[in-house]
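Structure assessment
Chain by chain, the residues run as shown.
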Amino acid sequence: MKDKLVTPSYLLIIAANFLQFFGFWLLIPVLPFYLQEVFGADKTSIGAILSCYTVAALCIRPFSGYLLDTFARKPLYLLAYFLFTAMFGGYLLAGTLTLFILFRVIHGVSFGMVTVSGNTIVIDIMPSSRRGEGLGYYGLANNIAMSIGPMTGLFLHDASVGYTFIFCCSLGACLVGFLCASLVKTPYKPSVKREPLSLDRFILLKGIPAGISLLLLSIPYGMTTNYVAMYAKQIGLTASTGFFFTLMAIGMAISRLFSGKWVDRGMITQVIHIGLYLVCFCFFSLSACGWLATWNLPVTTCCFFAISLLLGIGFGIMFPAYNTLFVNLAPNKQRGTATSTYLTSWDVGIGIGMVAGGYIAEVSTFKMAYLFGALLTVVSLFYFKGKVAPHFHRFRLR
């Protein structure tokens, strides 16, 4: 029973994670249209405004890891979750673009804290022998939310449902999620001696090489989550792009069922290699859809959705492996810092992807933006093979 993974607290934190990300993903594909239609923002401005969220999350990530390693984790988790939930109500009050940006920044700060704390708490409450599998199922909640959330948001938008109602849906989901989070029971964490402040209190220095590789991957991922609906519209696809997120999430769900178990058997770098090859292929294919659409739209539509499924499998394979890689490079007292570094790397790339995707699309086209992203995945692949994998095997602690 010592290695029992499924407990009431584990199920509750998975439910809280799902509802949090459902509220988050519900708005992701809708916000570019909202900013364009309500505030008249152009593509470059949309990218900059949306990236405020990620930049704010990035700024708080290193400090959140330090706080979680120093103080009780659950109160910090609940405070961040409450603030994250409240900001959906803030969007309803944002009558000007300046106020919207302010709420967006606060939302990003709370998101940075709640994701690090939730990820750290779930590691605390699961047996270490099943960490890869447990993180895989925990991440599966994100994937299901990513399936239902964007699809729901786009369907509501396409049905001409008001933005107020869409924001209220996100707010309601997160309120229920906050209730679930408050019921999670965490293990006792004894007070620790506060060591002198240094860089490794905020960033896992041994995780920097892996962080660079992950950052390069998250740039095209950021372009995809924020602009794929606009890209599909630009190349003339008429099918609902909500299904793109659904199939992508299904691919992630499929991969999570086995990738975590592979990670627990010690195949961390091998699993990441497989995912990298698949993701490289997918982003080059996604870019090629821009040219293929001029030849045959039905074929392009089939390819477009097949890519989303394969892309989900690729990233779904890598997420628990990368997360475990960072944790295995850190001592137990730096779990929060390891998780923070992992998520910070991801957020930096997402922010760059939002800005770069909007800028490249403004001066050229989205297909060129995805071609740029595809090239970055190739760089990430070679860097991981040449630097990250050998570094991990040399410095891993478990």
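Below or above, wherever it landed, is the structure these notes cover. Here the residue numbering is sequential within each chain, running from 1 through the sequence in written order. With the structure being a predicted model, the display of local features is reserved for residues of pLDDT at least 70 and the display and counting of side-chain atom pairs for 80 or more, all residues being used for whole-chain, interface and lining totals. Hydrogens and water molecules were not included; the side-chain quantities draw on all heavy atoms of the structure.

Comments concerning the overall build of the protein chain
Note the cut-off: Secondary structure elements follow DSSP: runs of H or I of four or more residues count as helices, runs of E of two or more count as strands, with numbering from the N terminus. The buried label goes to any residue with under 20% of its type's maximum accessible area, the exposed label to any with over 50%, and the partly exposed label to all in between, with areas taken from a 1.4 Å probe on protein chains only. The contact criterion used throughout is that any non-hydrogen atoms of two residues lie within 4.5 Å. In short, Shrake-Rupley with a 1.4 Å probe defines the accessible areas, and a residue's cover is counted only from the protein chains shown. Working convention for charge: Lys and Arg count positive, Asp and Glu count negative, and His plus the chain ends are omitted. All charge positions are set by atom: Lys at NZ, Arg at CZ, Asp at CG, Glu at CD.
A count of helices and strands for the protein chain gives 13 helices and 0 strands. Reading the secondary structure of the protein chain in the N-to-C direction produces α-α-α-α-α-α-α-α-α-α-α-α-α. The C-alpha extent of the protein chain, read off along each of the three principal axes, is 60 × 45 × 40 Å. Looking at the protein chain as a whole, 59% of its 398 residues are labelled buried. Partitioning the contacts of the protein chain with sequence separation of at least 6, the portion at a separation of at least 24 is 88%. A total of about 15100 Å² of accessible surface is found on the protein chain, and carbon and sulfur atoms cover 72% of it. Placing the 27 positive and 12 negative side-chain charges of the protein chain at their respective mean positions leaves the two points 9 Å apart.

What to know about the pattern of salt bridges
Two side chains of opposite charge can pair, provided their charged atoms sit close to one another. The test is simple: Note on definitions: salt bridges are taken to be side-chain nitrogens of Lys or Arg within 4 Å of carboxyl oxygens of Asp or Glu.
All chains considered together, the criterion is met by 1 salt bridge. The shortest N-O distance in the salt bridge between D124 and R73 comes to 2.5 Å. Here D124, found in helix α5 (residues 97-124), pairs with R73, found in helix α4 (residues 73-93); they are 51 residues apart in sequence, far enough to count as distant. Relative accessible area serves as the criterion here: at 10%, R73 is assigned to the buried category.

Brief notes about the state of the cysteines
Heads up, the condition is: Here, a disulfide means two cysteine sulfur atoms that sit within 2.5 Å of each other.
Applying the stated criterion across every chain yields a total of 0 disulfides. For the unlinked cysteine C168, the closest cysteine sulfur is that of C169, found at 7.3 Å. Relative accessible area serves as the criterion here: at 35%, C168 is assigned to the partly exposed category. Distance from the sulfur of C289, which forms no disulfide, to the nearest cysteine sulfur (C303) is 5.8 Å. A relative accessible area of 1% places C289 in the buried class.

With respect to the packing of aromatic side chains
The condition is simple: Pairing of aromatic rings covers Phe, Tyr and Trp, the last counted by its six-membered ring, and requires centre-to-centre distances within 6.5 Å; plane angles under 30 degrees mean stacked, over 60 mean edge-to-face, and any other angle means tilted.
Summed over the entire model, instances satisfying the criterion amount to 35 aromatic pairs. Measuring from ring centre to ring centre gives 5.2 Å for Y34 and F167, while their planes differ by 90°; the resulting arrangement is edge-to-face. You can see Y34 sitting in helix α2 (residues 31-38) and its partner F167 sitting in helix α7 (residues 163-182), a full 133 residues away along the chain. A single burial state applies to Y34 and to F167, both of which are buried. A centroid spacing of 5.7 Å and a plane angle of 70° characterise the contact between F155 and F243, whose relative ring orientation is edge-to-face. Of the two residues, F155 is situated in helix α6 (residues 131-158) and F243 in helix α9 (residues 242-264); the sequence distance between them amounts to 88 residues. Residue classification places F155 among the partly exposed residues on the basis of a relative accessible area of 36%. Given the relative accessible area of 40%, F243 is considered partly exposed.

What about the environment of L247?
Position of L247 among the secondary structure elements: in helix α9. Judged by relative accessible area, L247 falls into the partly exposed class, the value being 25%. Residues L247 and G312, spaced 65 residues apart in sequence, show a C-alpha to C-alpha distance of 7.4 Å. In contact with L247, not counting residues within four places along its chain, are F305, S308 and L309.

Some points on the layout of surface pockets
Just so we agree on the cut-off: Using a grid of 1 Å spacing that covers the protein atoms alone, one calls a set of points a cavity when a 1.4 Å probe fits there but cannot get out, and a pocket when the set is open and has protein on both sides within 12 Å along at least five of seven lines; lining residues are those with an atom within 4 Å of a point. Grid points are joined across faces, edges and corners, and a volume is the space filled by probe spheres set on the points. When residue character is reported, Ala, Val, Leu, Ile, Met, Phe, Trp, Tyr, Cys and Pro are called nonpolar, Asp, Glu, Lys and Arg charged, and the others, Gly included, polar.
Of the volumes computed, that of the second largest pocket is approximately 200 Å³. Of all the elements in the fold, those that place two or more residues in the lining of the second largest pocket are α2, α6 and α8 (208-234). Partitioned by chemical class, the residues of the lining of the second largest pocket number 6 nonpolar, 4 polar and 3 charged.

Brief notes about the side chain of S255
Counting through the fold element by element, S255 comes out in helix α9. Since its relative accessible area comes to 0%, S255 is described here as buried. Aside from chain neighbours lying at most four places away, what touches S255 is G312, I313, G316 and I317.

Remarks on the side chain of H107
This is how the line gets drawn: By the criterion applied in these results, polar contacts are pairs of N or O atoms within 3.5 Å in which, for protein atoms, one can donate a hydrogen and the other can accept it, and in which residues neighboring in sequence qualify only through two side-chain atoms.
Its location among the elements puts H107 in helix α5. Judged by its relative accessible area of 2%, H107 falls in the buried class. Of note is the side chain of H107, whose polar atom sits 2.8 Å from the side chain of Y91. Beyond its immediate sequence surroundings of up to four residues, H107 is in contact with Y53, F84, M87, F88 and Y91.

Worth remembering: the numbers are spatial, not functional.
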